[in-house]
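Spelled out, the chains give:
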Amino acid sequence: MMTQLFIIIMGVILVNNYVLAQFLGICPFLGVSKKLNSAVGMSLAVTFVMVLSTVATWPIQTFLLDRFNIGYMQTVVFILVIAALVQLVELALKKYMPPLYRSLGVYLPLITTNCCVLGVTVNNIDSSYNFIESIANSFGAGIGFLLAMVLFAGIRGKMENSDIPEVLKGVPSVLIAASILSVSFMGFSGVVEGIFG
Amino acid sequence: MVYLTPILIVCVTGIVAGVLLTIAAKIMFVPADERVEQLTEALPGANCGGCGFAGCSDYASAIVNDGADINLCPVGGPAVSALLAGIMGVEAGSAEGEYAVVLCGGYDNKTNKIFEYDGIPSCKAVKTLYGGAGACGHGCLGYGDCVEACQFDAIGVVNGVAWVDRNNCLGCKACVKACPNGIITMVPRHNLTYVACSSTDKGAVTRKACEAGCIACGKCVKVCKFDAIKVENNKAVIDPVKCKNCGMCVKECPTHAIVKLPKPPKAAAAAAN
C-alpha cells in the first residue's frame with residue numbers, strides 16, 4: 001500500500017508533472033514565476049487547494065454523481081464545489097490564521113478556478129483511485145507544481161541577467177525556456193516504474 | 001426524470017454551497033480597517049514610490065498595520081501629512097519637503113569631450129564606453145535618463161547637463177535612482193546654494209577635464225561664516241542645514257562651481273513649505 005502511494009506521488013511529480021508533462025496550470029506557471037518567493041507561495045497555495053478539493057470532490061463523485069448516474073455533470077459540479085470551498089477556506093484563514101492569509105495573499109482566490117486544480121480532481125476519478133490514493137495524487141501534483149515553479153523561477157532569474165536578442169526578449173524567451181524545461185522532464189518517463197515496478 | 005435529477009442536484013449543490021458561504025461569512029466576519037481606505041484617498045495617488053513603499057495604497061496599509069511614519073509622502077508634503085495625521089489621530093510633525101539637485105556644472109562648453117558619442121541616447125549606454133563622452137567621469141552624461149524617470153516634468157537637460165525645475169519637483173527621488181553616475185541628490189527645500197560638481201578627482205585632474213569643476217581649493221571653507229562647508233574627497237560639500245544661503249562662497253569660488261539659485265517668489269516659497 002505504501003509503495004503504491006509512493007509510486008503515485010513520485011510518478012505525478014516527475015513523470016506526469018501537471019505543468020511540464022500535462023500542461024495544466026500554465027497560467028500561474030508563466031505568470032507568478034518571476035520571483036522565487038511568490039512562486040513558492042503560489043505553489044503551496046495550489047498544493048493546499050488541490051488536496052482540499054480532492055477531499056471534497058471525491059465523495060461527491062462517488063456518493064452523489066455516480067449513484068444518480070450523472071457522471072457527465074462532473075465538471076460543472078466540481079467547479080462549483082471547488083470555488084465555494086476556496087471561498088470558505090479564505091474566510092476561515094482570514095479569521096483564524098491572518099499571517100497565513102496574508103502570505104497566501106492574492107494567490108488563493110486566483111487558483112479558485114485554475115485548471116490544474118480541476119484537472120487533478122477529474123484525473124483522480126478517471127484513474128479510479130480510491131480516497132487515499134486520490135489524496136496522495138493531489139499532494140504529489142502540488143509538489144510537482146512547486147518543483148516546476150521553483151526550477152522555472154531559477155531559470156528566469158538567470159535569464160534576466162543574460163544578453164537576449166531583442167526579438168526574443170520577454171514572453172518569447174520565457175516560452176522557449178518553458179518548452180526546454182518540459183522536454184527535459186520527458187527524460188523521466190518510465191523512471192518511477194523502472195525503480196519500483 | 002432524465003433531465004430533472006441533474007438539474008436538481010446541481011441546483012441543490014449550488015444552494016448548499018451558497019448558504020454555507022453566507023453563514024461562514026457571518027460567523028467569520030472580520031471588521032476591515034476603514035482607515036486604510038481613507039488614507040489611500042488622502043494620498044496624492046502618484047504612486048511614485050518616494051515614500052519607500054510600492055505605491056500609495058501600500059503606504060496607507062503600512063501606516064495602519066506597521067506604524068509607518070505619516071510624513072513620508074514627498075509629493076503631498078505637509079498638507080497631506082496633516083490629512084493623514086487627522087485620520088490616524090496623531091501629531092503631524094514638521095516635515096520639510098526636499099528638492100532634487102544635479103551636482104554638476106559641466107555644460108557643453110565647460111567640460112572637454114574625449115570622443116563623440118553617436119550610440120543609443122541613454123546615460124546608462126554611454127557610461128559603458130569609457131565612463132561617458134566627457135573627460136570627467138563624475139559629471140552629468142546629458143542623455144536624460146533622469147528626464148525619462150521623472151513623472152512630473154520637473155527635470156530637463158540644458159546644454160548637456162540635467163536641470164531641476166523647482167516649480168515642478170516634488171521630491172520623489174525617481175531621478176536620484178535613475179542617474180547612473182549618482183550625481184543627483186536631495187536637499188531641503190529652503191536650500192538654494194550647492195556645489196555643482198561631483199568630481200572626487202584631485203584638483204589638477206578636475207581642472208584639466210572641466211572648467212567648472214570643484215578643485216578643492218578650500219577658499220569657500222574659509223569664507224563661510226556658518227561653518228557649513230567642508231572639503232571631502234577632493235570636493236567641497238555644503239551642509240544644507242547650516243547653510244544660510246548668504247552667497248559668500250559663490251563669489252569666492254574661483255571656478256564658479258558653487259551655484260546659488262534665485263530666491264523663489266514669496267507665494268511659491270509659502271506653498272513649498
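Preceding this paragraph is the structure being described.
Summarised in this report is the structure supplied together with it.

1. Some words on the overall build of chain A
So, point 1. The secondary structure content of chain A amounts to 10 helices and 0 strands.
So, point 2. Reading chain A from its N end, one meets helices and strands in the order α-α-α-α-α-α-α-α-α-α.
So, point 3. Among the 197 residues that make up chain A, the fraction classed as buried is 45%.
So, point 4. Sequence-distant contacts in chain A: of pairs separated by 6 or more residues, those separated by 24 or more amount to 77%.
So, point 5. Per element, the accessible surface of chain A, about 9900 Å² overall, is 69% carbon and sulfur.

2. Focus: the side chain of Ser182(A)
So, point 1. Here Ser182(A) is to be found in helix α9 (residues 171-186).
So, point 2. Excluding residues that lie within four positions of it along the chain, Ser182(A) makes contacts with Leu20(A) and Phe23(A).

3. Description of the interface of chain B and chain A
So, point 1. In this assembly, 16 residues from chain B lie in contact with 18 residues from chain A.
So, point 2. When chain B packs against chain A, close to 1300 Å² is buried across both sides, 88% of that on carbon and sulfur atoms.
So, point 3. Among the residues of chain B in contact with chain A, Ile9(B), Leu21(B) and Met28(B) are the three that bury the most area, contributing 39% of the side total.
So, point 4. Counting across the interface, chain B meets chain A through 0 salt bridges.
So, point 5. Inspection of the chain B/chain A interface yields 0 residue pairs in polar contact (both at pLDDT 80 or more).
So, point 6. For the side of chain B that touches chain A, the class distribution of residues is 13 nonpolar, 3 polar and no charged.

4. Focus on the pairing of strand β7 (residues 235-238) of chain B
Residue and element names in this part refer to chain B.
So, point 1. In the sheet, strand β6 (residues 229-232) pairs with β7 via 4 bridges, with the strands oriented antiparallel. Note that in β7 the partner of Val231 across the bridge is Ala236.
So, point 2. Here β6 folds back onto β7 in antiparallel fashion, the turn holding 2 residues, of which Asn233 has a positive phi close to 50°.

5. So, helix α1 (residues 2-15) of chain A
Residue and element names in this part refer to chain A.
So, point 1. Taking 1.5 Å per residue as the helical rise, α1 with its 14 residues ought to reach 20 Å, and the 19 Å between its terminal C-alpha atoms agrees with that figure.
So, point 2. Taken as a whole, α1 has its buried residues at Leu5, Ile8, Gly11, Val12, Ile13, Leu14 and Val15.
So, point 3. Where α1 is buried, its residues touch α8 (131-160), α9 and α10 (191-196).

6. Details of the environment of Ala257(B)
Residue and element names in this part refer to chain B.
So, point 1. Inspection of the secondary structure puts Ala257 in the loop between α10 (248-252) and β8 (258-260).
So, point 2. For Ala257, a relative accessible area of 2% corresponds to the buried category.
So, point 3. As for Ala257 and Gly106, which are separated by 151 residues in sequence, their C-alpha atoms are 9.1 Å apart.
So, point 4. Discounting residues that sit within four places of it in the chain, Ala257 has contacts with Tyr194, Val195, Ala196, Ala212, Gly213 and Cys214.

Each value, and the rule that gives it
- Residues numbered from 1 in each chain as written.
- Chains lettered and ligands numbered in written order.
- Predicted model: local features only at pLDDT ≥ 70, side-chain atom pairs only at ≥ 80, totals over all residues.
- Heavy atoms only, no water.
- Helix = DSSP H or I, 4+ residues; strand = E, 2+ residues; numbered from the N terminus.
- Buried < 20%, exposed > 50% of the residue type's maximum accessible area, 1.4 Å probe, protein only.
- Contact = heavy atoms within 4.5 Å.
- Areas by Shrake-Rupley, 256 points an atom, 1.4 Å probe, with all protein chains shown as cover.
- Buried area = accessible area lost by both parts, 1.4 Å probe.
- Salt bridge = Lys/Arg side-chain N within 4 Å of Asp/Glu carboxyl O.
- Polar contact = N/O pair within 3.5 Å; in protein donor to acceptor, adjacent residues only side chain to side chain.
- Nonpolar A, V, L, I, M, F, W, Y, C, P; charged D, E, K, R; others polar.
- Pairing = 2+ DSSP bridges.
- Expected span 1.5 Å × (residues − 1).

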